[in-house]
Amino acid sequence: MTDAPVLRPLTADDAEAVLAAFRSAPDMARQGTVTTPQEAERYVARLTDPDGPHRAWAVDDGGTCVGLVAVTVDAANATGWFWYWVHATHRGRGLARRAAAAVADWALSDGGLHRLELGHRMNNPASGAVARAAGFVREGTEREKFLVDGRRVDVATYGRLRTDPVPSGERLAIRPA
């Protein structure tokens, strides 16, 4: 029997798995530019910088990072931009939903934030399902916000407040460093 997937802090050792995730599907390019081992190392270093604004959690399945949930913190306003991705071969298992719910709960309690925000392309309804399962409330649409492959796309925006009801549902366990 293998261990259940967990959340743990992203580390420098995850760079190879991050590169594999970015190579797993064309849509990963929306998460950043990671096409070489060096770019993966820089991506991970930026997210793990203890003086930086990011709080990044690896979705660990069997000792390998197969996804990421992160909060980019605006400490002055006690808010955070919330984002996530999963390696293409691990999608459809509920990992993003369970990981996002756990990290959102953490960010709005132990993480000290009052508000989380996120946005997703309107043509990515799976991301909206993850957001809603993690307790985010749809707040609106930002028209033609992103330029993707030469075309403007609308973005659905969501927020979750510390005072919002905590959603039910399963969560991944968070393992500290």
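Description of the structure in this document. (Residues numbered from 1 in each chain as written. Predicted model: local features only at pLDDT ≥ 70, side-chain atom pairs only at ≥ 80, totals over all residues. Heavy atoms only, no water.)

Describing the sheet that holds strand β1 (residues 6–9)
Sheet architecture is open: 8 strands sit in the order β6-β7-β5-β4-β3-β2-β1-β8, paired in mixed fashion. Both outer strands of the open sheet, β6 (137–148) and β8 (173–174), are each paired with one neighbouring strand and no more. Two elements, strand β3 (residues 64–74) and strand β4 (residues 79–86), share 8 bridges in a ladder whose sense is antiparallel. Counterpart to Gly 67 in the pairing with β4 is Val 86. (Pairing = 2+ DSSP bridges. Helix = DSSP H or I, 4+ residues; strand = E, 2+ residues; numbered from the N terminus.)

Notes on the pairing of strand β2 (residues 54–61)
A large share of β2 lies buried, amounting to 7 of its 8 residues. Here β1 runs beside β2; their pairing, made up of 4 bridges, is antiparallel. Among the inter-strand pairings, Pro 9 is bridged to a residue of β2, identified as Trp 57. The antiparallel hairpin formed by β2 and β3 contains 2 residues in its connecting segment, where Gly 62 sits at a positive phi of about 65°. (Buried < 20%, exposed > 50% of the residue type's maximum accessible area, 1.4 Å probe, protein only.)

Here we look at the packing of aromatic side chains
According to the stated counting rule, one finds 5 aromatic pairs in the structure shown. Arranged with centres 5.4 Å apart and planes meeting at 75°, the rings of Trp 57 and Trp 106 form a pair that is edge-to-face. With Trp 57 in strand β2 and Trp 106 in helix α3 (residues 95–107), this pair connects stretches of sequence that are 49 residues apart. Residue Trp 57 is classed as buried on the basis of its relative accessible area, which comes to 10%. Overall, Trp 106 belongs to the partly exposed group, its relative accessible area being 23%. Taken together, Phe 22, Tyr 43 and Trp 85 form an aromatic cluster joined through their ring pairs. Positioned above the aromatic ring of Phe 146, the side-chain terminus of Arg 30 is 5.1 Å from the ring centre. (Phe/Tyr/Trp six-rings, centres within 6.5 Å; stacked < 30°, edge-to-face > 60°. Lys NZ or Arg CZ within 6 Å of the ring centre and 35° of its normal.)

Details of α3
Between its terminal C-alpha atoms α3 stretches 18 Å, which fits the 18 Å expected from 13 residues at 1.5 Å a residue. For α3, the buried fraction is high: 11 of the 13 residues fall into the buried class. Residues Leu 95, Ala 96, Arg 98, Ala 99, Ala 100, Ala 101, Ala 102, Val 103, Ala 104, Asp 105 and Ala 107 constitute the buried set of α3. (Expected span 1.5 Å × (residues − 1).)

Focus on the nonpolar core
Core analysis: the biggest nonpolar cluster contains 29 residues, and Leu 7, Val 59, Phe 82, Tyr 84, Leu 116 and Phe 136 have the highest contact counts within it. Of all elements in the fold, only β2, β3, β4, α3, β5 (115–121), α4 (125–133) and β7 (151–161) reach the threshold of two or more residues within this core. Looking at this core, the element that brings in the most residues is α3, giving 9 residues. Not counting the four nearest positions on each side in its chain, Val 59 is found in contact with Val 6, Leu 7, Thr 64, Cys 65, Val 66, Gly 67, Leu 68, Val 69, Leu 95, Ala 99 and Leu 172. One finds Ala 15, Val 18, Val 44 and Trp 83 within the second-largest nonpolar core, a separate group that totals 21 residues. (Core = buried A, V, L, I, M, F, W, Y, C linked by side-chain atoms within 4.5 Å. Contact = heavy atoms within 4.5 Å.)

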